[in-house]
Amino acid sequence: MDWMKIGSALFIVAMLVFLVPRIKPMLENSPKGTNNDWLLVGVLLAGVAGFIWLLMKMV
């Protein structure tokens, strides 16, 4: 095994060890989305998907 793979694996594990305990407070204190917010997200995603479809059809 190569040392870069071992170092990368250790780095990923360390990131998970430090980030996982902070997830619960972040989720509890984050603002909640309203129906209008989710509708806007859906419209934007549909617009991006339509634009990508248009680009693929032009090729």
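For the structure itself, look to the data block above.
Residues numbered from 1 in each chain as written. Predicted model: local features only at pLDDT ≥ 70, side-chain atom pairs only at ≥ 80, totals over all residues. Heavy atoms only, no water.

A. Region of interest: the overall build of the protein chain. A tally of regular secondary structure across the protein chain gives 2 helices and 0 strands. Computed over C-alpha atoms, the radius of gyration of the protein chain comes to 20 Å, more than 25% over the 10 Å expected from 2.2 N^0.38 for 59 residues, which places it beyond the range of a compact globule. Structurally, the protein chain occupies a C-alpha span of about 45 × 40 × 10 Å along its principal axes. Counting only residues that meet the buried cut, the protein chain has 0% of its 59 residues in that class. Accessible surface, the protein chain: about 5,900 Å² in total, of which carbon and sulfur atoms supply 78%. (Helix = DSSP H or I, 4+ residues; strand = E, 2+ residues; numbered from the N terminus. Rg over C-alpha atoms; globule rule 2.2 N^0.38 Å. Buried < 20%, exposed > 50% of the residue type's maximum accessible area, 1.4 Å probe, protein only. Areas by Shrake-Rupley, 256 points an atom, 1.4 Å probe, with all protein chains shown as cover.)

B. Representation of the environment of Met-15. Turning to its location among the elements, Met-15 is positioned in helix α1 (residues 3-29). Its relative accessible area of 39% is what places Met-15 among the partly exposed residues. A C-alpha to C-alpha distance of 21 Å links Met-15 and Ser-30, two positions 15 residues apart in sequence.

C. Representation of α1 in the model. When the terminal C-alpha atoms of α1 are compared, their 40 Å separation across 27 residues agrees well with the 39 Å that a helix rising 1.5 Å per residue should span. Taken as a whole, α1 carries its principal kink of about 35° at Ile-23; the proline Pro-25 stands between one and four residues after it. Among the 27 residues that make up α1, 0 are buried, leaving the element largely open to the surroundings. (Expected span 1.5 Å × (residues − 1). Bend = angle between axes of the 7 residues up to and from the residue.)

D. Molecular detail of helix α2 (residues 35-58). Between the first and last C-alpha of α2 there are 35 Å, a value that for 24 residues agrees with the 34 Å anticipated at 1.5 Å per step. The buried fraction of α2 amounts to 0 of the 24 residues, a small share that puts the element mostly on the outside.

E. Spatial organisation of a nonpolar patch on the surface. A cluster of nonpolar side chains, namely Phe-11, Ile-12, Met-15, Leu-16, Leu-19, Val-20, Ile-23, Met-26 and Leu-27, defines an oily patch on the protein surface of about 900 Å² accessible area. Along the chain, Phe-11 turns up in helix α1. (Patch = residues over 30% accessible without salt bridge, like charges linked within 9 Å, V, L, I, M, F, W, Y side chains within 5 Å. Salt bridge = Lys/Arg side-chain N within 4 Å of Asp/Glu carboxyl O.)

These results come straight from atomic positions and should not be treated as a statement about function.
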